[in-house]
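Understanding the architecture of this molecule
The chain contents come next:
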Amino acid sequence: QVQLVESGGGLVQPGGALRLSCTTSGFFLDAYPIGWFRQAPGKEREGVSCVSSSTSTGSTHYADSVKGRFTISRDNAKNTVYLQMNSLKPEDTAVYFCARGTTHICSVSDYDEYDFWGQGTQVTVSS
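So, here is what we can say about the structure in this document. Source: prediction; values computed, not measured.

This next bit is on the overall build of the protein chain. The number of helices and strands found in the protein chain is 0 helices and 11 strands. Along the protein chain, helices and strands appear, N-terminal first, in the series β-β-β-β-β-β-β-β-β-β-β. Relative to a compact globule of 127 residues, whose C-alpha radius of gyration would be 14 Å, the protein chain shows 13 Å and is just as compact. Residue pairs at least 24 apart in sequence account for 60% of intrachain contacts in the protein chain once pairs closer than 6 positions are excluded. Roughly 6,200 Å² of accessible area belongs to the protein chain as shown, and the carbon and sulfur atoms make up 47% of that amount. Once the 10 positive and 12 negative side-chain charges of the protein chain are each reduced to a mean point, those two points are 6 Å apart.

Below, the structure is given as structure tokens:
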């Protein structure tokens with residue numbers, strides 16, 4: 001069975017850093033893109049970042065709001081995708097989800113292209 005499990009969320013001060021992990025099972029991670037999304041209280045789901053499949057280009061993509069601050073990476077041997085979040089801002093507060101994409105080259109915005117989702121991990125940025 002396909003499964004994605006997020007971890008690494010928590011409470012951090014503005015300007016701090018967190019690294020989220022998306023541990024996957026039930027499929028060959030090399031062949032799939034993985035996206036990170038977030039949903040803040042009272043707001044719609046928002047695409048954050050994605051990494052294309054390693055069997056295509058492995059390209060990375062970011063929402064404008066996180067460019068220069070967040071970095072997505074993958075370790076296929078560990079079946080894990082990471083989201084390194086630096087210089088965190090209060091507006092980054094949200095539940096963060098990872099999801100498996102259905103196209104080799106991923107989209108950071110088109111969440112309809114993702115077929116399996118994790119349960120999410122809470123990130124709170126507050127002083």
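Picking up where we left off.
Pairing in this open sheet of 4 strands is antiparallel, and the strands run β1-β3-β8-β7 from one edge to the other. Unpaired on one side and paired on the other, β1 (3–7) and β7 (70–75) mark the two borders of the sheet. Taking the axes of each pair of neighbouring strands and ignoring which way they run, one obtains an average angle of 15 degrees across the sheet. Here β1 pairs with strand β3 (residues 18–25) via 5 bridges, running antiparallel.

Calculation rules
Just so you know, the residues in each chain are numbered from 1, in the order the chain's sequence is written. Reporting of local features is limited, given that this is a predicted model, to residues whose pLDDT is at least 70; pairs of side-chain atoms are given and counted only at 80 or more, and all residues count toward the totals for whole chains, interfaces and linings. Water and hydrogen atoms were dropped before computing side-chain values, which therefore reflect all heavy atoms in the structure. In DSSP terms, a helix is any run of H or I states spanning at least four residues, a strand is any run of E spanning at least two, and both are numbered starting from the N terminus. Here the globule rule is a power law, 2.2 Å times the number of residues to the power 0.38, and the radius of gyration is based on C-alpha atoms. Contact criterion: two residues are considered in contact whenever any of their non-hydrogen atoms come within 4.5 Å of each other. Note on areas: Shrake-Rupley, 1.4 Å probe, and residue coverage restricted to the protein chains presented here. Note that His is not counted, nor are the chain ends; the positive residues are Lys and Arg, and the negative ones are Asp and Glu. Every charge is mapped to an atom, namely NZ of Lys, CZ of Arg, CG of Asp or CD of Glu. DSSP-based pairing: two strands are paired if at least 2 bridges between them are found. Each axis is a line fitted through C-alpha atoms, and for a helix only the stretch in contact is used; angles between axes span 0 to 180 degrees, taken between their N-to-C directions.

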